[in-house]
Amino acid sequence: MEKGDGSFAPAGVYKQRAELYKGSLTSYVVVSCLVAAVGGALFGYDIGVSGGVTSMDAFLKKFFYKVYVKKRQAQENHYCKYNDQGLAAFTSSLYLAGLVASLVASPITRKYGRRASIVCGGISFFIGAVLNAGAVNLAMLLLGRIMLGVGIGFGDQAVPLYLSEMAPAHLRGALNMMFQLATTSGIFTANMINYGTAKIPEWGWRLSLGLAVLPAILMTVGGLLLPETPNSLIERGSKEEGRRILEKIRGTQEVDAEFEDIVDASELANSIKHPFRKVLERRNRPQLVMAICMPAFQILNGINSILFYAPVLFQTMGFGNAALYSSALTGAVLVLSTVVSIGLVDKLGRRVLLISGGIQMTICQVIVAIILGIKFNGNDELSKGYSVLVVVVICLFVIAFGWSWGPLGWTVPSEIFPLETRSAGQSVTVAVNLLFTFIIAQCFLSLLCSFKYGIFLFFAGWIVIMTLFVYFFLPETKGVPIEEMVFIWRKHWFWKRMVPGTRDVEINEVK
């Protein structure tokens, strides 16, 4: 490939060798991916614990007294009683810190390896959990949230890359979903802990926040013990060690084809000095669009609002003390549906799951909006029968998310970038995810107060848009080796006009 100055740069992966890949799923890969995926538990635990803690009277009384007073007033409109920007800032500050941290994590992940970022994330999250558990004022509480955000920014940047690079191509979807399974398990665990600690009047919230040290310790120790990925080792010049690890994780010495793909990709990666600039080039436009749209849509369907604010949302509908129990139920449903997705993703493919999940989520959001619009005026509690129906429909929504956009919102962006822009691309994905998470977390309580039941129609509209986006613009990535992903864009009806080199590739293959 000729550069502008007349010299020649490495061409990267120019020949498809997927059919020559050897090896199978080894216990070494499974254990490595399970340990690494604990990083997802940090994100999940925080999402689950935040909503539970912000519905506890002792926590509100200490840090958000105005909200506590409003909550106790029977005449307060149910839709608006939690509307407080300070309370929203408690939840959302973490995600803004994570956004900045994910951008800082990119050069660290590229220069020092995936493990380095995993360890940094675990240490930061540990510090944040300790600060939150011991918080004596709002400033200390928010500082702890910021440190948690730094941990999540590093973890979310490195873990999906680690999983994608360790997994064999034909099982990459299932193994990558270990991250989402850990996330959903973290949410469920937090919901169950909140259900128990809510019965401890004065310091239950401290226990909920403090137990976040456990996944942080697991992630830190795991990061120290895990092997580095072959892709990262070869990119950083350790070809012999990279091949040794590749042979070990594939369970065979016949790894020439995959090794050559990684070496080709790493030579091109090392010729790129500014990967963020490279991501913005026209030839990388398909990957960049996916890195922005997939995580944005993953948040704009309304799932995080339901997960962070599930206890608050159910109390808004008049569930009273059953709120934490109801949110624990949704957490359990999310875990089970993610397990189903792991079994289906490499059989049915990404597109089928995303489109069918989008259709089911749209129907569920519309049904909830209709029930609340007709049967709930914001001042009275919802009747028992309709309350149960709302929980059932929200569970169906969570099920659809759990086997579609939940795991695949992370899996697809982490597997589509070439090695030279993979770390930068993952940073864009994480930054966008956390930016939209921050926006929704900060605005949701105000939107709920303003839109009332219409908030569910707002999210339904976004789900329609994102389902159409997948149908028209996302090619199937099932079974495509990670270093040969460029070929799917060259064959796509829309993206092929932006990805050059098809003719050059054919000439090279003939030669």
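Everything discussed here concerns the structure shown above.
All of the points below concern the structure found in this document. Just so you know, these numbers come straight off a predicted model, no measurement behind them.

## Quick notes on the packing of helix H12 (residues 239-250) against helix H13 (residues 256-270)
Here comes step 1: Two elements in contact, H12 and H13, have axes separated by 11 Å at closest approach and are oriented at 140 degrees. As the angle between them shows, H12 and H13 are arranged oblique. Both H12 and H13 take part in a crossing whose hand is right-handed. Between H12 and H13, the contacting residues are Lys239, Arg243, Leu246 and Arg250 on the first element and Asp256, Glu258, Phe259, Ile262, Val263 and Glu267 on the second.

## With respect to the packing of aromatic side chains
Here comes step 1: Enumeration according to the criterion identifies 21 aromatic pairs in this entry.
Here comes step 2: Seen in terms of ring centroids, phenylalanine 59 and tryptophan 205 are 5.5 Å apart; in terms of plane orientation they differ by 65 degrees. Their pairing is edge-to-face. Taken as a pair, phenylalanine 59 in helix H2 (residues 57-63) and tryptophan 205 in helix H9 (residues 204-210) lie far apart in primary sequence, 146 residues in all. You'll find phenylalanine 59 and tryptophan 205 in the same group, each marked buried.

## A few points about the environment of arginine 114
Here comes step 1: Here arginine 114 lies in helix H5 (residues 114-133).
Here comes step 2: Spatially, the C-alpha atom of arginine 114 lies 8.7 Å from that of glycine 223, the residues being 109 residues apart in sequence.

## A closer look at unusual backbone geometry
Here comes step 1: Of note in the backbone geometry, lysine 452 takes a positive phi value of approximately 55 degrees without being a glycine.
Here comes step 2: With respect to the element layout, lysine 452 can be found in the loop between helix H22 (419-451) and helix H23 (454-473).
Here comes step 3: Residue lysine 452 is classed as partly exposed on the basis of its relative accessible area, which comes to 28%.

Conventions and cut-offs
- Residues numbered from 1 in each chain as written.
- Predicted model: local features only at pLDDT ≥ 70, side-chain atom pairs only at ≥ 80, totals over all residues.
- Heavy atoms only, no water.
- Axes fitted to C-alpha atoms, helices over the stretch in contact; angles between N-to-C directions.
- Helix = DSSP H or I, 4+ residues; strand = E, 2+ residues; numbered from the N terminus.
- Parallel < 35°, antiparallel > 145°, perpendicular 65-115°, else oblique.
- Left-handed = near helix turned anticlockwise from the far one by under 90°.
- Contact = heavy atoms within 4.5 Å.
- Phe/Tyr/Trp six-rings, centres within 6.5 Å; stacked < 30°, edge-to-face > 60°.
- Buried < 20%, exposed > 50% of the residue type's maximum accessible area, 1.4 Å probe, protein only.

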